[in-house]
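# Structural overview
In case you want the letters, here they are:
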Amino acid sequence: MSRLHTLLERAREGDEMACRTALEENEGLIWSVVRRYIGCGVETDDLYQLACIGFIKAVKCFDFTYGTQFSTYAVPKIAGEIRRYLRDDQVIKVGRTTREKGQTLWRVRERLRGTLGREARLSELAEVSGMTVEEIALIELATAAPESLQQETADGLTLESTLGTEGPEELLVEKLALREAVESLPEREKWIILLRFFKGLTQNQTARIIGVSQVQVSRLERRSLERLRSILGE
């Protein structure tokens, strides 16, 4: 049995060190795919992280009885992961009306920045745009992708500390792994996590936007965090 065969078998069985070694030893293969997509509007580091996800999926699914080289099997898996992200790169699907409101809000913000010489407050944006503060928060959430586990809520909490992770590197590809985990939540729980931990809203603000009580938000938040711990701990 070749060294590659042994390494892939161990990685497929859940050996984390073997998986990391396989990643390191195949960086050239991974980058050969990443380079095809540089300039497509996604940061190179993100492309590489996506490629790593595709590579790991290839490792877990590959079988030497396929009668093909691992690299031949892995390349389309890696490319497919990147293309899937490019095709569907929002945690929340943004409808046409929301996109149009987002563009209006951007124009208002830019105009006020020029007039005021600073970033406009939410209350000022609401007054000029005719939207409510909650509506603006919802639009901004829907049109902006989450960035980090370390974003603080109004309560000073972060999703990273709440989930109990040792650090972003422990998730391998923090932002992308988390996006997939959040996307898998039931719709209402997904919105609560995004509003609380990525927009930094309080439970009361979140309750007003979603249309439930603060007590319900608290209960659903606990439930969704438990789901995320389970997903990310798999």
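These lines cover the structure that appears in this document, whether it is placed above or below. (Residues numbered from 1 in each chain as written. Predicted model: local features only at pLDDT ≥ 70, side-chain atom pairs only at ≥ 80, totals over all residues. Heavy atoms only, no water.)

## Here's the deal with the pattern of salt bridges
As a reminder, the rule being used: Only one rule defines a salt bridge in this text: a Lys or Arg side-chain nitrogen within 4 Å of an Asp or Glu carboxyl oxygen. Numbering of helices and strands runs from the N terminus, with a helix taken as a DSSP run of H or I at least four residues long and a strand as a DSSP run of E at least two residues long. Type-normalised accessible area, obtained with a 1.4 Å probe on protein chains alone, sets the label of each residue: buried when under 20%, exposed when over 50%, and partly exposed for intermediate values.
Across all of its chains, the model carries 9 salt bridges by this definition. Across the pair Arg20 and Glu16 runs a salt bridge whose closest N-O atoms are separated by 3.1 Å. Placement of the pair is Arg20 and Glu16 together in helix H2 (residues 16-25), with a separation of 4 residues, close to one helical turn. Overall, the relative accessible area of 36% leaves Arg20 in the partly exposed class. Notably, a salt bridge pairs Arg113 with Glu110, separated by 2.2 Å at the nearest N-O pair. With Arg113 and Glu110 both in helix H6 (residues 96-116) and 3 residues apart, the pair spans about one turn of that helix. Arg113 sits in the partly exposed class, given a relative accessible area of 28%.

## Description of the packing of helix H11 (residues 187-198) against helix H12 (residues 203-210)
This is how the line gets drawn: In this analysis, axes come from line fits to C-alpha atoms, helices being fitted only over the stretch in contact, and the angle between any two N-to-C directions falls in the range 0 to 180 degrees. In these notes the angle categories are as follows: under 35 degrees is roughly parallel, over 145 is roughly antiparallel, 65 to 115 is roughly perpendicular, and the rest is oblique. It is the rotation of the near helix from the far one that decides the hand of a crossing: anticlockwise by less than a right angle makes it left-handed, clockwise makes it right-handed. Between two residues, a contact is recorded if the distance between any of their heavy atoms is within 4.5 Å. Residues are grouped as follows: nonpolar covers Ala, Val, Leu, Ile, Met, Phe, Trp, Tyr, Cys and Pro; charged covers Asp, Glu, Lys and Arg; every other residue, Gly included, is treated as polar.
At a minimum axis distance of 10 Å, the contact between H11 and H12 shows a crossing angle of 140°. One element, H11, and the other, H12, form an angle in the oblique class. For the element pair H11 and H12, the recorded crossing hand is right-handed. The segment H11 lies against H12, with Arg188, Trp191, Ile192, Leu195 and Arg196 engaging Gln203, Thr206, Ile209 and Ile210. Within the contact of H11 with H12, the residues separate by chemical class into 5 nonpolar, 2 polar and 2 charged.

By themselves, these figures tell us nothing about what the structure is for.
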